[in-house]
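Residues per chain, in single letters:
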Amino acid sequence: AARERFRYARLELQRTVLTAWTEYALQAERVRIARENLTLLNLAFDTAAQRLEAGGEQSELLRVEIEAQVAEDELRTMASELPRMRAMLNAAMARDPAAELSPPPVPELRPLPGGDATLLRLAADRNPDLAALLNDIRARGDAVELARQQF
């Protein structure tokens with residue numbers, strides 16, 4: 001039971017680090033997309049400014065300018081999350097929190113094996129928490145049998 005609990009703790013730590021790593025990669029990808037979006041909005045702003053000079057509407061220029069400012073603010077907010085996430089990942093891996101850790105590329109999606117029934121059976125078979133409970137139940141059954149024999 002103790003072995004299964006240790007295995008559960010090890011797998012839980014592994015899950016935490018992998019989840020944090022994936023979220024770090026996803027946040028870096030979001031920042032990249034936000035930068036590209038801001039570049040496009042700046043191009044749209046330049047186009048709207050040229051249209052205004054040619055007799056276009058000022059409301060279009062204002063709308064694009066506001067969208068660009070909102071996008072820039074969102075980009076700063078998203079980019080400010082990356083150092084926090086990097087420090088958390090470094091700490092989980094027992095590294096210096098300020099150590100450089102470049103964001104990984106977003107991983108490719110893998111197909112899941114089988115259907116829901118297969119996934120549930122695999123989860124039940126490989127769950128260390130359930131294995132620890134099963135070992136506890138067996139040990140208690142053995143203790144009851146020993147008590148009967150001693151009686």
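For the structure given in this document, a descriptive report is provided here. In this numbering scheme, every chain counts its residues from 1 along its sequence in written order. The predicted origin of the model limits local features to residues at a pLDDT of at least 70 and limits the giving and counting of side-chain atom pairs to 80 or more, whereas totals for whole chains, interfaces and linings rest on all residues. Neither water nor hydrogens contribute to the side-chain values; these are computed over all heavy atoms in the structure.

**A word on helix H1 (residues 2–53)**
- Between the first and last C-alpha of H1 there are 76 Å, a value that for 52 residues agrees with the 76 Å anticipated at 1.5 Å per step.
- Think of it in three bands: with a 1.4 Å probe and only protein chains considered, a residue is buried below 20% of the maximum accessible area for its type, exposed above 50%, and partly exposed in between. In DSSP terms, a helix is any run of H or I states spanning at least four residues, a strand is any run of E spanning at least two, and both are numbered starting from the N terminus. Among all positions of H1, only Glu4, Val17, Ala20, Tyr24, Ala25, Gln27, Ala28, Val31, Ala34, Leu38, Leu41 and Ala48 are buried.
- Contacts were defined at the residue level, with two residues in contact if any of their heavy atoms lie within 4.5 Å. Residues of H1 that are buried in the fold lie against helix H2 (58–92) and helix H4 (128–150).
- Directly after H1, the chain includes Gly55, whose backbone phi takes a positive value near 105 degrees. How far a helix is expected to stretch is found by multiplying one less than its residue total by 1.5 Å.

**Side note on the packing of H1 against H4**
- One can describe the packing of H1 onto H4 by two numbers: an axis separation of 8 Å at closest approach and a directional angle of 170 degrees. Relative to H4, the element H1 lies roughly antiparallel. Contact residues: H1 offers Glu4, Arg5, Arg7, Tyr8 and Leu11, while H4 offers Pro128, Asp129, Ala131, Ala132, Asn135 and Asp136.
- Put simply, Ala, Val, Leu, Ile, Met, Phe, Trp, Tyr, Cys and Pro go in the nonpolar bin, Asp, Glu, Lys and Arg in the charged bin, and everything else, Gly too, in the polar bin. Its residues assigned to classes, the contact of H1 with H4 shows five nonpolar, one polar and five charged. The axes are straight lines fitted to the C-alpha atoms, using for helices just the contacting stretch, and the angles between their N-to-C directions are given from 0 to 180°. Should an angle fall under 35 degrees it is called roughly parallel, over 145 degrees roughly antiparallel, and 65 to 115 degrees roughly perpendicular, with every other angle called oblique.

**Some points on H2**
- The first and last C-alpha atoms of H2 sit 52 Å apart over 35 residues, in line with the 51 Å expected at 1.5 Å per residue.
- Within H2, burial applies to Leu61, Val64, Ala68, Ala71, Leu75, Met78, Leu82, Met85, Leu89 and Asn90.
- For H2, the secondary structure elements touched by its buried residues are H1.
- A positive backbone phi angle near 60 degrees is found at Ala94, which sits one or two residues after H2.

**Here's the deal with the packing of H1 against H2**
- Interhelical geometry of H1 versus H2 gives an angle of 160 degrees and a closest axis separation of 8 Å. Here H2 runs roughly antiparallel to H1, going by the angle between their axes. The way H1 lies across H2 gives a crossing that is left-handed.
- Classifying every residue of the contact of H1 with H2 by side-chain character gives 26 nonpolar, four polar and nine charged. Each crossing gets its hand from how the near helix is turned against the far one by less than a right angle, where anticlockwise is left-handed and clockwise is right-handed.

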